[in-house]
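Structural features, examined
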There are 2 protein chains.
Amino acid sequence: MDARIAPGSVRKVACVGAGVIGGGWVAHFLARGYQVTAWDPAPDAKDKLQRLVEAAWPALTELGLAEGASRENLTVAATLEDAVGEAEFVQESAPEDLELKLDLLSRIDAAAPDGVVVSSSTSGFPMTDMQQRCATPERLVVGHPFNPPYLIPLVEVVGGEKSEQWAVDWAAEFFDIAGKHVIKMEHEVPGFIANRLQEAIWREALHMVANGEATVEQIDSSITAGPGLRWPLLGPCLTFHLAGGEGGMSHMLDHFGPSLKAPWTRLEAPELTDDLRDRMVQGCEEASGGTPVAELVADRDRAVIEVMRAVDKIKESR
Amino acid sequence: MDARIAPGSVRKVACVGAGVIGGGWVAHFLARGYQVTAWDPAPDAKDKLQRLVEAAWPALTELGLAEGASRENLTVAATLEDAVGEAEFVQESAPEDLELKLDLLSRIDAAAPDGVVVSSSTSGFPMTDMQQRCATPERLVVGHPFNPPYLIPLVEVVGGEKSEQWAVDWAAEFFDIAGKHVIKMEHEVPGFIANRLQEAIWREALHMVANGEATVEQIDSSITAGPGLRWPLLGPCLTFHLAGGEGGMSHMLDHFGPSLKAPWTRLEAPELTDDLRDRMVQGCEEASGGTPVAELVADRDRAVIEVMRAVDKIKESR
């Protein structure tokens, strides 16, 4: 493994699968100045990919391209093997079909140079399940992006049972250098972190529509005019830390704790044990870096105003 | 009921309860130019309220105050009866304790002038449960705000079994005139709409922390660097409409439908029936006003960039 390339030295990236997510990765890596080789089995894949990159480019230009970044650095390969044969990093973004992923990842593993890390965009399959047919499964990790991958910074990195720690660490470092916000997970959890959270919202929304409790439009505007304005600066935990007023999360849990038992969602809450309470309070202290609630409130207020203005600007220009 | 005041003619608003939410309402109504009378039983309520209004005022000034708006228009009353006796609208924001709400709302109902609408900030109790002891329950409605009520536009308006439709309509119109984004619900659902959605996230987050699957910091950053950047412009439904690429929600449901059965959250999904599928597809058509996905994608991209910049600006100034 001495020949392993340093994450910061990577120039050639292969993207296998070029739909909305794979194509989004292509756009991201091009904008960050990489040489990108893409492959997708769809007959119209090349045209679709070019349209997607064209559509993304103004946004990427606006955000600032890396030195040497160019749409010309994209090659659409004729075969998967051509796409990954000289890659220094591979990102797989095939449809969510386990059999397909098993097959594709083993082919990528067979064709990619030794020691090159292979990352899957899967939105939910554990790598443990997907790496079964690979000859060198230790270099496979999940690198789960969010749509669109060329704009949303988050990538969740986690290995499977046969993944080695160096591969997880390498991928986390590479994504960080490639301009992403990385969450390196210690354990495999189905759906990772952000998808579990947004899937909980999504499923509750589907239940509400199925039961005639709310319309799609009401659900969406309840978020865009409500909690959605708070979440870009503070996540759900720190948001509720502020809901506790000067007493923060501890006051919040003592005050609203009983509503955890209320039928406010179809999801049952965990028991609010002393241990969970302490973890939440301690976690908010750490996540806020000990910043007093009053300062966080002032920051949130300014952020909500700026976010509302940002959104108004887009709406007005429609 | 002929003497009923028009929502647009209201000048005098009473706020009962002056904690984080009640105080936030006070700040909002003051900024919109109303005369506000507040009451809260806590001995230090007046000081706390004044601190809260002081803290909110810069943000409200930045957003633009209504003509005649002034912090001088606040009166802290000595009794609940003094606070609501001449009110043209009453907003109750007591702690979430049903017995307390039952008592308080009946006292407000007894003391407020005939025909004046009384709205509760409750984050989850159905008005049907809270209006039981009122002599004139027909004028009571839920007007559920989001923290901070002086900034987050959303108010969910819904009546109870004994509420009359005129009161629900009146409250919806009043809140709209008072600068809020109103969702007028047809049916009582525990937790209303936005709280059901954010409660689903919150409970999943608590489960993850309780099980050591993620830390508070990972949960928050998975939202702030991930889906939280998309939600201020497009809610969860339109966000997934875009995840379907050019095929929109119908492609999305056909493609990701199976993952509804995946253990991605502790919340079970509903059966994806043809009827639910059609409602989601049709709902996205309506919510997007038929705007093609490609245009929505361009809007989202610009919104995500603006929102990231807005948040960066706040973070840099810390």
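None of these values were measured; they are calculated from a predicted model.

**Let's talk about the interface of chain A and chain B**
Listed by partner, the interface residues are 120 residues for chain A and 121 residues for chain B. Together chain A and chain B conceal approximately 11100 Å² of surface at their shared face, both sides included; 68% is due to carbon and sulfur atoms. Broken down residue by residue, the surface that chain A buries against chain B is led by Trp202(A), Arg203(A) and Trp264(A), which jointly contribute 8%. At the junction of chain A with chain B, the criterion picks out 8 salt bridges. We note a salt bridge from Lys313(A) to Glu306(B), for which the minimum N-O separation is 3.2 Å.

**A look at the packing of helix H11 (residues 274–287) of chain A against helix H7 (residues 194–210) of chain B**
Packing of H11(A) against H7(B) brings their axes to within 10 Å, and their N-to-C directions diverge by 105 degrees. On the basis of their axis angle, the class for H11(A) and H7(B) is roughly perpendicular. Contact with H11(A), carried on its side by Leu276(A), Arg279(A) and Met280(A), involves Trp202(B), Leu206(B), Val209(B) and Ala210(B) of H7(B) and no other residues of that element. Of the residues in the contact of H11(A) with H7(B), the class split is 6 nonpolar, no polar and 1 charged.

**Digging into the domain arrangement of chain A**
As far as domains go, chain A holds domain 1 (7–184) and domain 2 (226–316). Centre-to-centre separation of domain 1 of chain A and domain 2 of chain A, based on C-alpha positions: 34 Å.

**Considerations on the sheet that holds strand E3 (residues 74–76) of chain A**
All names here are of chain A. Spatial ordering of the open sheet is given by E3-E2-E1-E4-E5-E6-E7-E8, a layout of 8 strands whose pairing is mixed. With partners counted over all chains shown, the strands left at the sheet margins are E3 and strand E8 (181–184), one partner each. Between one strand axis and the next, the sheet turns by 25 degrees as a mean value, whatever way the strands run. The sheet contact formed by strand E4 (residues 89–92) and strand E5 (residues 117–120) spans 4 bridges and is parallel. For Val90, the partnering residue across the bridge sits in E5 and is Val118.

**Describing the pairing of strand E2 (residues 35–39) of chain B**
All names here are of chain B. Across 5 bridges, the pairing between strand E1 (residues 12–16) and E2 is parallel. Each residue of the ladder has a partner; that of Lys12, found in E2, is Gln35. This β-α-β element, E1 to helix H1 (residues 20–31) to E2, shows right-handed connectivity. Bridge count between E2 and strand E3 (residues 74–76): 3 bridges; the pairing is parallel. By the bridge assignment, Val36 is partnered in E3 with Leu74. The β-α-β motif built from E2, the intervening helix H2 (residues 45–63) and the parallel element E3 has right-handed crossover chirality.

**Things to note about the relation of the copies chain A and chain B**
Mapping chain A onto chain B is achieved by rotating through 180 degrees and translating by 0.0 Å along the same axis, at an RMSD of 0.0 Å. Between the two chains, the operation in question is that of a two-fold axis. With an isologous cut-off of 70% or more, the 100% of interface residues of chain A that recur at the interface of chain B puts this contact in the isologous class.

**A word on helix H11 (residues 274–287) of chain B**
The first and last C-alpha atoms of H11(B) sit 20 Å apart over 14 residues, in line with the 20 Å expected at 1.5 Å per residue. When we look at burial in H11(B), the residues that qualify are Leu276(B), Met280(B), Gly283(B) and Cys284(B). In an axial view of H11(B), the angular spread of the buried residues amounts to 100 degrees, which keeps them on one side of the axis. At its buried positions, H11(B) is contacted by helix H7 (194–210) and helix H8 (216–224) of chain A together with helix H9 (236–243) and helix H10 (248–256) of chain B. One or two residues past the end of H11(B) sits Gly289(B), with phi positive at roughly 60 degrees.

**Structural notes on the environment of Ala111(A)**
All names here are of chain A. Relative to the assigned elements, Ala111 resides in helix H4 (residues 98–111). The exposure class assigned to Ala111 is partly exposed, which follows from its relative accessible area of 21%. It is 5.6 Å that separates the C-alpha atoms of Ala111 and Gly85, two residues lying 26 residues apart in sequence. The residues touching Ala111, leaving out its near neighbours within four places in the chain, are Glu81, Val84 and Gly85.

**Regarding the pairing of strand E8 (residues 181–184) of chain B**
In terms of strand pairing, strand E7 (residues 154–159) of chain B meets E8(B) through 4 bridges, oriented parallel. What sits directly across from Leu154(B), in E8(B), is His181(B).

**Focus: the pattern of salt bridges**
Two side chains bearing opposite charge may form a pair once their charged atoms approach each other closely. Residue and element names in this part refer to chain B. All told, the structure shown has 42 salt bridges over all chains when counted by the stated rule. A salt bridge links Lys12 to Glu86, with the shortest nitrogen-to-oxygen separation between them at 3.8 Å. Linking Lys12 in strand E1 with Glu86 in the loop between helix H3 (80–84) and strand E4 (89–92), this pair joins segments that are 74 residues apart in sequence. The exposed category is assigned to Glu86, whose relative accessible area is 60%.

**Observations regarding the UniProt feature "domain: 3-hydroxyacyl-CoA dehydrogenase NAD binding" (unreviewed entry) in chain A**
Mapped onto this structure's residue numbering, the UniProt feature "domain: 3-hydroxyacyl-CoA dehydrogenase NAD binding" (unreviewed entry) falls at residues 12–186 of chain A. The straight-line gap between the two end C-alpha atoms of residues 12–186 of chain A is 28 Å; of that span, 38% is helix and 21% is strand.

**A closer look at the UniProt feature "domain: 3-hydroxyacyl-CoA dehydrogenase C-terminal" (unreviewed entry) in chain A**
Under the feature "domain: 3-hydroxyacyl-CoA dehydrogenase C-terminal" (unreviewed entry), the UniProt entry names residues 191–262 of chain A. With 60% helix and 0% strand, residues 191–262 of chain A has its two end C-alpha atoms placed 26 Å apart.

**Focus: the side chain of His144(A)**
Residue and element names in this part refer to chain A. By the secondary structure assignment, His144 is in strand E6 (residues 140–145). In this structure the side chain of His144 is engaged in a polar contact, spanning 3.4 Å, whose partner is the side chain of Asn195. Apart from the residues within four sequence positions on either side, His144 is in contact with Ser120, Ser121, Thr122, Ser123, Leu154, Val155, Glu156, Phe192 and Asn195.

**Quick notes on the nonpolar core**
With 214 residues, the main nonpolar core has Phe29(A) and Phe29(B) as its most contacted residues. Contact partners of Phe29(B), with chain neighbours within four places excluded, come to Val13(B), Cys15(B), Tyr34(B), Val36(B), Phe89(B), Gln91(B), Phe174(B), Phe175(B) and Ala178(B).

**Digging into the state of the cysteines**
Two cysteines joined by a covalent bond between their sulfur atoms form a disulfide. All told, the structure shown has 0 disulfides over all chains when counted by the stated rule. The closest cysteine sulfur to the non-disulfide-bonded Cys134(A) is located on Cys15(A), 18 Å from its own sulfur.

**Observations concerning the environment of Ala135(A)**
Inspection of the secondary structure puts Ala135(A) in the loop between helix H5 (127–130) and E6. Note: C-alpha distance between Ala135(A) and Thr265(A) (130 residues apart in sequence) is 45 Å.

**Observations regarding the sheet that holds strand E6 (residues 140–145) of chain B**
Residues and elements named next belong to chain B. The strand order E3-E2-E1-E4-E5-E6-E7-E8 describes an open sheet built from 8 strands, whose pairing is mixed. In the strand order of this sheet, the two ends are held by E3 and E8, each with one partner. Along the sheet, successive strands turn relative to each other by an average axial angle of 25 degrees, direction set aside. In terms of strand pairing, E6 meets E7 through 5 bridges, oriented antiparallel. Across the sheet, His144 pairs through a bridge with Glu156, a residue of E7.

**A short note on the packing of aromatic side chains**
All names here are of chain A. A full pass over the atoms with the stated rule returns 25 aromatic pairs over all chains. Summarising the aromatic geometry, the rings of Phe174 and Phe175 are spaced 5.8 Å apart at their centres and angled 55 degrees between planes, so their arrangement reads as tilted. Considered together, Phe174 and Phe175 belong to a single accessibility category, that of buried residues. What links up through ring pairs into an aromatic cluster is the set Trp25, Phe29, Tyr34, Phe89, Trp170, Phe174 and Phe175. Sitting over the ring of Trp166, Arg4 keeps its end group 3.4 Å from the ring centre.

Here is what the cut-offs are and how they apply
- Residues numbered from 1 in each chain as written.
- Chains lettered and ligands numbered in written order.
- Predicted model: local features only at pLDDT ≥ 70, side-chain atom pairs only at ≥ 80, totals over all residues.
- Heavy atoms only, no water.
- Contact = heavy atoms within 4.5 Å.
- Buried area = accessible area lost by both parts, 1.4 Å probe.
- Salt bridge = Lys/Arg side-chain N within 4 Å of Asp/Glu carboxyl O.
- Axes fitted to C-alpha atoms, helices over the stretch in contact; angles between N-to-C directions.
- Helix = DSSP H or I, 4+ residues; strand = E, 2+ residues; numbered from the N terminus.
- Parallel < 35°, antiparallel > 145°, perpendicular 65-115°, else oblique.
- Nonpolar A, V, L, I, M, F, W, Y, C, P; charged D, E, K, R; others polar.
- Domains from an automatic or database assignment.
- Pairing = 2+ DSSP bridges.
- Right-handed = clockwise from strand over helix to strand, strands pointing away.
- Least-squares fit on C-alpha atoms with pLDDT ≥ 70 in both.
- Expected span 1.5 Å × (residues − 1).
- Buried < 20%, exposed > 50% of the residue type's maximum accessible area, 1.4 Å probe, protein only.
- Arc of directions from axis to C-beta.
- UniProt positions renumbered as here; feature names shortened; annotations may be inferred.
- Polar contact = N/O pair within 3.5 Å; in protein donor to acceptor, adjacent residues only side chain to side chain.
- Core = buried A, V, L, I, M, F, W, Y, C linked by side-chain atoms within 4.5 Å.
- Disulfide = S-S within 2.5 Å.
- Phe/Tyr/Trp six-rings, centres within 6.5 Å; stacked < 30°, edge-to-face > 60°.
- Lys NZ or Arg CZ within 6 Å of the ring centre and 35° of its normal.

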